[in-house]
Amino acid sequence: MTVEQSEFDPGAFVKSQIDEIAQRLGNEQAIIAISGGVDSTTCAALAYKAVGKGLVCTFIDTGFMRLGEPRKVRALLSRRPLSLPVRIIEAQERFIEAVGETEDAEEKRKVFRETFYRTLSEIAKKEECRFLIQGTIAPDWIETKGGIKTQHNVLEQIGINARESYGFTVIEPIADLYKDQVRAVARHLGIPREISERQPFPGPGLLVRCVGRVEPRKLKTLKQSMQIVEKRLATIGGQQFFAAVLDNRIGDHPARELLQRQVSESLRIQGREVKVNILQNKATGVKGDVRVYGRIASVNISKNHREVYGWLIEKLRELQSKLTSANPEFTRILYTVKEGKESAPYDVAIRAIETRDFMTADIATIPWATLTATAKEILRKCSNVAHIYYDLTSKPPATIEFE
Amino acid sequence: MRNDERLVAVLKPVVPVVNVKGQYNHLIVRLLTELGAESSLVPLSVSIRELEEIGFNGLVAGGGPQSVYEENSRRELRNLEHLLKENSEPLLCICVSHQLLAEALGGRTGPAKEPEYGRITVHVDEEDEVLRGAGSSFTAWASHNDEVIRMPDGFQRLAHSQNCKIEAMRSSNRPIYGVQFHPEVSHTTMGRTIFRNFVEIVKRNSTSGR
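Residues numbered from 1 in each chain as written. Chains lettered and ligands numbered in written order. Predicted model: local features only at pLDDT ≥ 70, side-chain atom pairs only at ≥ 80, totals over all residues.

Peer 1: Break down the overall build of chain B for me, citing the residues and quoting the values.
Peer 2: What chain B contains, in helices and strands, is seven helices and nine strands. For a compact globule of 210 residues, the expected C-alpha radius of gyration is about 17 Å, and chain B comes in at 16 Å, within 12% of that figure. Across its three principal axes, chain B shows a C-alpha extent of roughly 50 × 40 × 30 Å. When contacts within chain B are restricted to residue pairs at least 6 apart in sequence, long-range pairs at least 24 apart make up 71% of them. (Helix = DSSP H or I, 4+ residues; strand = E, 2+ residues; numbered from the N terminus. Rg over C-alpha atoms; globule rule 2.2 N^0.38 Å. Contact = placed C-beta atoms within 7 Å.)

As structure tokens, then:
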């Protein structure tokens, strides 16, 4: 008989980590930047248990947060049993200025990381903290080391000396854990369910869901869409669901007609009922463990068929597989759910996925009626949106986030 | 192997994982550990002697971004290629390592006509030991631009998919396996079964008193 280990023991982990943090800090102070997600909150709770007031707990408002998020998070964490005192640092303008007109996904992440650590390092100096506690988890550094994308909180693993560059030593108490294990630890620590079961939010926040260049109105549209998607999909949306905003600009690509034929064959719909567009924006993907900053195709089935066709998710999954397999440059396939004013400047994509550990992801099956209702509400509240898409792409060949 | 060493291997076999730099290599260690083996990542440069020093009873080689017929990749993988030839313990090669295994033992790897990213259906031709309990077909996750075009002599095919002829293969006379899909990711429904089978193969092998 095989004796299988009872997976992972959160109690033992908590105990050993509290001891280790206390020992490493000694009489030194540490700083942590909380995002309100399960990773950073778990680390804060561990460190607070280890050193109490020796922990300076901050929340940096980068401007790429969801509507009302900073205050909501502070209120949640100040409650018992956590009773974490959280300081909000207003840094929206600094981040918007730093990002400027940067368009490339990797450049945006790098600018964000640099601004984030500069800001944090200034506070750390003021508060005399020589240690930084952060909630890096296993997939973060695996992906960064593999060159897939730059996570904002990974320094030491990629050879950036935090002490030299920013003046603090980094402690990463949960760096070997996967998301499901972190949640187990969070529950063990008595962290409220709103946080322990909360869907992950990327380090650079909405920056990576504001595809391409950041513009104030584009970001506002994204925040409004996020709110609608989170509300509408709350009970059926899979482990993670969110909105992304793209430019309603069509790129020029020789493969357009070929893709159109492939869609028509795969769905067995006449060619004139199918329209494929290649967007100007690009999105991060991963094919055969290699990062591809790939093209995005949107598939538009004529309205009649869309209604009759409804929501044959298996067919659309197959379609996505075929298109991304046959066209090496493509890493995203979007399916048009509803259309607004054709001349509007932006598009919104709804993404909902099923995943255990965020290393791989499948798209969630959402009732067509829910999807169209969500799309309708977005179009009603955001007059500058031309198309609402559902993202059909699994991971791989896409990554979970757009950038 | 001495008797007490064999006993230890039955209780907790040592199964290191060669880190071929793919994103999922860590998941293999996680699964093996959960299944009661002692596992850790070892670098591409690891030698057979170093593996013997840690008392390995079986070996897994993970996936990676390389393309085995491309010169620089092949150079990067040269040490692993030797290792795959020299090793005499049970071996499971995944994705790029599966392709390298084919090349190393006289088969052939080339670009896939229809590469697979994400969900595929694996059709089992032969359950053998490693796919035991997987049924006639199962859903798996794959991510590869290349594929095994011809198996080495003395290998048999265990599974295929619609777009890929050789999803799984084994040596007919040794416990050496290659799989093109990723059994270590949670979306591969039979992944845990496959690793449990492999751990069993390792245990049986280390007590067979060769």
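Peer 1: Outline the packing of helix 1 (residues 10-25) of chain A against helix 8 (residues 179-188) of chain A, listing residues and values.
Peer 2: Residues and elements named next belong to chain A. The contact between helix 1 and helix 8 brings their axes to 9 Å, and the two run at 80 degrees. One element, helix 1, and the other, helix 8, form an angle in the roughly perpendicular class. Contacts between helix 1 and helix 8 involve Pro-10, Gly-11, Phe-13 and Val-14 on the former and, on the latter, Ala-184, Val-185 and His-188. When the residues that make up the contact of helix 1 with helix 8 are grouped by side-chain class, the tally is five nonpolar, two polar and no charged. (Axes fitted to C-alpha atoms, helices over the stretch in contact; angles between N-to-C directions. Parallel < 35°, antiparallel > 145°, perpendicular 65-115°, else oblique. Nonpolar A, V, L, I, M, F, W, Y, C, P; charged D, E, K, R; others polar.)

Peer 1: Provide a residue-level description of the sheet that holds strand 1 (residues 30-33) of chain A, including the pertinent values.
Peer 2: In a beta sheet, neighbouring strands are held together by backbone hydrogen bonds and run either parallel or antiparallel to one another. All names here are of chain A. Taking strand neighbours across the sheet as the criterion, the five strands line up as 3-2-1-4-5 in an open arrangement whose pairing is parallel. One side of each edge strand has no neighbouring strand; the edge strands of this open sheet are strand 3 (87-90) and strand 5 (169-171). The average undirected angle you get between the axes of adjacent strands in this sheet is 35 degrees. Inspection of the sheet shows strand 1 paired to strand 4 (residues 131-133) by three bridges, in the parallel sense. Along strand 4, the bridge assignment pairs Ile-31 with Leu-132. (Pairing = 2+ DSSP bridges.)

Peer 1: Mind laying out the domain arrangement of chain A, listing which residues take part and the relevant values?
Peer 2: All names here are of chain A. Domain parsing of chain A yields domain 1 (10-196) and domain 2 (210-391). Of note, the centres of domain 1 and domain 2, computed from C-alpha atoms alone, are 31 Å apart. Taken together, the 14 residues of domain 1 in the interface contact 15 residues of domain 2. Here the residues of the side of domain 1 that touches domain 2 sort into six nonpolar, two polar and six charged. (Domains from an automatic or database assignment.)

Peer 1: How would you summarise the interface of chain A and chain B if you had to cite specific residues and measurements?
Peer 2: Facing 26 residues of chain A, the contacting portion of chain B comprises 29 residues. Elements with a contribution of two residues or more to the side of chain A that touches chain B: helix 6 (138-145) and helix 13 (313-326) of chain A. Counting residues per element, the side of chain A that touches chain B draws most heavily on helix 13 of chain A, at four residues.

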